[in-house]
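Here is how the chains run, residue by residue.
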Amino acid sequence: QVQLVESGGGLVQAGGALRVSCAASGTIFRIDAHGWYRQAPGKQRELVAVTSTGGSTDYADSVKGRFTISRDNAKNTIYLQMNSLKPEYTAVYYCNCRARARSYFPVRDYWGQGTQVTVSS
């Protein structure tokens, strides 16, 4: 199985910056995609940013130009640098990994426990 450990997050003023990271560990055959989602109170979970094994990236329109996702393949770790933060970005940020634990296992989604990001106005 794949375990995801998130770090970073916290409280920051509007306009500030934060970085969160997510390390995948355990039995991992291949990671197809690794990214971040967020869920604000009363709202559905939404994609923030994702990176694939091939290096492609995708961002929610609301964070383009402000957030940058990067990865360290050797460490199975991704980083999300969040700049020019807005109060509306306040949410629990969840790490997601779409992976195959063994070559004969099906691809499935794994989730971290979530880390709170609060942006004060």
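Residues numbered from 1 in each chain as written. Predicted model: local features only at pLDDT ≥ 70, side-chain atom pairs only at ≥ 80, totals over all residues. Heavy atoms only, no water.

**Student:** Could you give an account of the overall build of the chain, with specific residues and numbers?
**Tutor:** A tally of regular secondary structure across the chain gives zero helices and eleven strands. The helix and strand sequence of the chain, counted from the amino end, reads β-β-β-β-β-β-β-β-β-β-β. Viewed in the frame of its principal axes, the chain has a C-alpha envelope of about 50 × 25 × 20 Å. For the chain, with 121 residues in total, the buried portion stands at 40%. (Helix = DSSP H or I, 4+ residues; strand = E, 2+ residues; numbered from the N terminus. Buried < 20%, exposed > 50% of the residue type's maximum accessible area, 1.4 Å probe, protein only.)

**Student:** Describe in detail the nonpolar core, supporting the description with residues and values.
**Tutor:** Residues W36, F67, L80, M82 and Y93 are the most contacted members of the largest nonpolar core, which totals 31 residues. Taken together, the elements giving at least two residues each to this core come down to strand 1 (2-8), strand 3 (18-26), strand 4 (30-39), strand 5 (46-52), strand 7 (67-72), strand 8 (77-82), strand 9 (91-100) and strand 11 (115-120). Examining the composition of this core, we find that five residues originate from one element, strand 9, more than from any other. Leave out the neighbours within four places in its chain, and M82 touches G16, A17, L18, V20, R66, F67, Y93 and V117. (Core = buried A, V, L, I, M, F, W, Y, C linked by side-chain atoms within 4.5 Å. Contact = heavy atoms within 4.5 Å.)

**Student:** Mind laying out the layout of surface pockets, listing which residues take part and the relevant values?
**Tutor:** Counted as a void, the largest pocket has a volume near 180 Å³. Lining the largest pocket are R38, Q39, A40, K43, Q44, E46, S62, K86, E88, Y89, T90 and A91. Looking at the lining of the largest pocket residue by residue, the classes come out as three nonpolar, four polar and five charged. (1 Å grid on protein atoms, 1.4 Å probe; cavity = no way out; pocket = protein on both sides within 12 Å on 5 of 7 lines; lining within 4 Å. Points joined across faces, edges and corners; volume = space filled by probe spheres on them. Nonpolar A, V, L, I, M, F, W, Y, C, P; charged D, E, K, R; others polar.)

**Student:** Can you lay out the pattern of salt bridges for me, pointing to particular residues and giving the numbers?
**Tutor:** Enumeration over the complete set of coordinates arrives at four salt bridges. R30 is paired through a salt bridge with D32; the nearest N and O atoms lie 2.6 Å apart. (Salt bridge = Lys/Arg side-chain N within 4 Å of Asp/Glu carboxyl O.)

**Student:** Which residues make up the state of the cysteines, and what values go with them?
**Tutor:** By the definition in use, this model includes one disulfide. A sulfur-sulfur distance of 2.0 Å marks the disulfide that ties C22 to C95. Here the S-S torsion is close to -85°, and the disulfide linking C22 with C95 is therefore left-handed. Placement of C22 in strand 3 and of C95 in strand 9 is noted, with a sequence separation of 73 residues between them. On the basis of relative accessibility, which here comes to 0%, the residue C95 falls in the buried class. Considering cysteine sulfurs only, C95 is the nearest to C97, which forms no disulfide, with 6.7 Å between them. (Disulfide = S-S within 2.5 Å.)

**Student:** Could you give me a rundown of the packing of aromatic side chains, with the residues and numbers involved?
**Tutor:** Counted by the stated rule, this structure contains three aromatic pairs. Seen from their ring centres, Y37 and W111 are 5.1 Å apart, and the 65° between their planes marks the pair as edge-to-face. A residue pair is termed long-range when its members are at least 10 positions apart, and Y37 in strand 4 and W111 in strand 10 (residues 108-111) qualify at 74 residues. You can call Y37 partly exposed: its relative accessible area is 23%. Geometrically, the ring pair formed by F67 and Y89 is edge-to-face, given 5.2 Å between the ring centres and 70° between the ring planes. Placement of the pair is F67 in strand 7 and Y89 in the loop between strand 8 and strand 9, with a sequence separation of 22 residues. The pair F67 / Y89 is uniform in exposure class, with both members buried. Over the face of the ring belonging to Y94 we find R45, whose NZ or CZ atom lies 3.7 Å from the ring centre. Directly above the ring of W111 sits R45, whose terminal nitrogen or CZ lies 4.7 Å from the centroid. (Phe/Tyr/Trp six-rings, centres within 6.5 Å; stacked < 30°, edge-to-face > 60°. Lys NZ or Arg CZ within 6 Å of the ring centre and 35° of its normal.)

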